[in-house]
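Architecture at a glance
The residues making up each chain are set out below.
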Amino acid sequence: MDVSMQNENENPRFLSPPRQLSGKERKDPSITPRKFKRFFTPRNRVPSQPSPARKALRNLAAPAVNQRYQTPAPSSPLAPVFEEELHVEDPDHQSYSVPKRRKIQHTPESSPVRPSPLATISHGLDPGLLSPIRSLCSSQDICELDDESSDEDLPTISLPPKPLRSLPNRGLAGQLAQRELGGLPRAGYAHMSYPAADWRTETANFRSRPDDVHTCVSHEGPGQCIPFSTATCHRNGIVAIGDEEGRIRLLDSSSKSSESFSKIHLTFTAHTNAIIDLDFSDDDFLLATASGDQTGQVIDMMTQSPIAYLGQHTASLKQVRFQPGQSNSSVLATSSRDGSVQIWDLRCSRPMQDFQASENRNTNLSYHLPQPKRGCTINSFYHAHARTQRQARQSAAIGQGDTPSRREIPSRSTDVSVTTLQFLPAGQEHLLLTACEADASIKLWDIRSIHSSRNKVPSPLSATAPPASHAQWRPFGISSLTLGTDASRLYALCKDSTVYAYSTAHLILGHAPELSSRNAEPPRRRHNAVTQQGLGPLYGFRHPSFHATSFYVKCAVRPARDGRSELLAVGSNDSCAVLFPTQERYFEDELSGMMSNITLDNSTIATTSAGSAPTSSKRSVDGVRRPLFRTNSATNLSARAKDNVPIIRSGTPLVRGHEREVGSVTWTNEGKLITVGDDYLVRSWSEDRAQAADLRTGGESGGRRWGCGWAETGADWDISDDDDNDDDEDDN
């Protein structure tokens, strides 16, 4: 006893600390390899449903296990195969010999954290890099296993790993993810399946073959006739073409059709003059026409006979449109050179008339057929677009803009031609947009109440202001209007060779209950209401191959559906059509400063007179000083006034398809483009990546380009990776 006390005094570091009064200090239980093995070893008494704690630990080690072990084909990637399951299947390997001496590392059959020798041999991976949890054991001393535990006792799996699928092969979700993330090897080349950065991927695949062309042959004599207008059915591939002789020919553009596009499916005579415009009803049963003989017709497509005549205009008609929505193709609107817009309703009584049978028949039969009725106008507004004093002076100096030609009956010199009109979509079908030849203003009308005062002067709901560059140069008219897929954008083709984009939600600035589509019946216009202001254009589209020198040049939008993107197609005086992608993600840089530049000063009412800016002038032969005006020459492009809206120049021309002006354009239900040219040709354009690339790069050898057309994307588009790498090596 004395000796022990003496040893403790000599070695004070072996003295035990004083005990606490509250009792023995409680510490967390230590985890030994035996406890770890006992916890993860399956036993019969373990319930079939694991506890939440067991699930948490298993999920914690699942990523590391998934990297180390190969998963059989039927298994799910979210449920990897554990070694415990393999042990149960093989009774010979239910338990391994455990070393007798105590080791501080975990045994391979008990811990999913430490990589097994099987994984190291199979994959050749560094065990220390397989799991973050493995780093916890890096500071421990690794002891060798006893001879009792060898690699021969471990099970082997010979199944190959499942290959990883690329995003384009994972369906629509993978394609959308690739577009959003831009996970591409090289963006902007045609060999890529789904590029996300280059707008040319939307337009580069269009091409036209020789069998996609129809030549308009005259029915009145030898020679050919010029096609004027075109329209397509909504539910099939039938295309209607109106020519200068007043005939309508139907062509089948469907890919599954047995007839070639070059052959006429059906033809009949509708007018005695040129057919300026066509439009199908929503159910494709009716076809409305606008002709240069001052009349229009509504034709039953089942019998190819007219059911109504539209004859209230005093000059040639310019455009006709059916009203969408609840009218069930019974209400339509027409515009004319006489400056008026007529609203027609076909829901009237149809008089019957007896037609005697021909004398050549043996029996005398009588037929009761519906007589074509005179169209009933439910609303009319005249002088829809009146010229200002400045516009009247410029019109007298430079001549009328929309001059009649091609057999059309001229209008009075004081009338302003209403060149185009467009209904808003269903829910807002009571609203009508119009534009004219005098300026680039767009007016919004409520066809239920056109006159806001007792003097019966038509008054629109709102009017947008022309671009500010027109005030410094000269006014330009609008030849065509069209809406986007969701009707959020309105596209107007202007005579200054620009397609302006408007926001339909801001056609009326401020409180606009007329634009509301929530209620079943929007409120009518109040008495003595004044014309409101409308927001000007947001941005515009231009291209060196796009020039609109006549009011016969039109535009059309392909709706975004069936996996196809939205595209804007325009005709041109440069013997080609031009395609513009309308997705604003392609030109975000140009639009970045757009909202900061838009003010109410840019959206004044177009009908108000403003002081004209000084313009350049020249003295003509007769001694009268005339202002300079824009022509088709490229030298005047530099004289254009500075634009106050962003200009987008990302367009693709369709070359070699026509030899003269391309006027009317339209899209089929299959996404094909139909173009009409003054070279007597009607051409169908479809998408084929391989053929379009071959036409661009193959050259003229073997006559491969004869009678063909293709999308011109630039010399750098069809360069392959091998050629690009060779060029880089040459530069180095």
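As a starting point, this report considers the structure included with it. The residue count restarts for each chain, going from 1 along the sequence in the order it is written. Totals for whole chains, interfaces and linings use every residue, but because this is a predicted model, local features are given only for residues with pLDDT of at least 70 and side-chain atom pairs only at 80 or more, for both listing and counting. Computation of side-chain values covers all heavy atoms of the structure but excludes hydrogens and water.

1. Notes on the sheet that holds strand β32 (residues 647-648)
Applicable threshold: Following DSSP output, two strands are said to pair if at least two bridges run between them. Secondary structure counts use DSSP, requiring at least four H or I residues in a row for a helix and at least two E residues in a row for a strand, with both numbered from the N terminus.
An order of β22-β23-β24-β26-β32 is seen for the five strands of this open sheet, with the pairing classed as mixed. Sheet topology places β22 (478-483) and β32 at the edges, where each strand pairs with a single neighbour. In this structure, β22 lies alongside strand β23 (residues 489-494), joined through five bridges in antiparallel fashion. Among the inter-strand pairings, S480 is bridged to a residue of β23, identified as L493.

2. Considering the environment of L568
Rules: Contacts between residues were defined by any pair of non-hydrogen atoms, one from each residue, lying within 4.5 Å.
Counting through the fold element by element, L568 comes out in strand β28 (residues 567-570). For the pair L568 and R558, spaced ten residues apart in sequence, the C-alpha to C-alpha distance is 6.5 Å. Beyond its immediate chain neighbours, meaning those up to four positions away, L568 contacts T482, Y491, V499, F541, C555, A556, V557, V578, L579, F580 and T582.

3. Regarding the pairing of strand β5 (residues 247-252)
The line we're drawing: For each residue, the accessible area found with a 1.4 Å probe, counting protein chains only, is set against the maximum for its type, and the residue is called buried under 20%, exposed over 50%, and partly exposed in between.
Taken across its six residues, β5 has six buried, putting it largely inside the fold. Pairing of strand β4 (residues 238-243) with β5, which is carried by five bridges, proceeds in the antiparallel orientation. Among the inter-strand pairings, A240 is bridged to a residue of β5, identified as L250. Where β4 folds back onto β5 in an antiparallel hairpin, the turn is made up of three residues, including G246, whose phi is positive at roughly 85°. Relative to strand β6 (residues 266-269), β5 runs antiparallel, the two being bridged by four bridges. Across the sheet, R247 pairs through a bridge with T269, a residue of β6.

4. What about the nonpolar core?
To be explicit about the condition: Residue types Ala, Val, Leu, Ile, Met, Phe, Trp, Tyr and Cys, when buried and joined through side-chain atoms within 4.5 Å, form a set referred to as a nonpolar core.
One finds L433, I442, L444 and L481 to be the most contacted residues of the largest nonpolar core, which totals 25 residues. Setting aside residues up to four positions removed in sequence, L433 forms contacts with T420, L421, Q422, L424, I442, K443, L444, L481, L490 and L507.

5. Regarding the sheet that holds β5
To be explicit about the condition: An axis is simply a line fitted to the C-alpha atoms; with a helix, the fit covers only the stretch in contact. Between two such axes, the angle follows the N-to-C directions and lies from 0 to 180 degrees.
With antiparallel pairing, the four strands of this open sheet are ordered in space as β3-β4-β5-β6. The outermost strands of the open sheet, each flanked by one partner alone, are β3 (227-232) and β6. Across the sheet, the mean angle from the axis of one strand to that of its neighbour is 20°, orientation sign disregarded.

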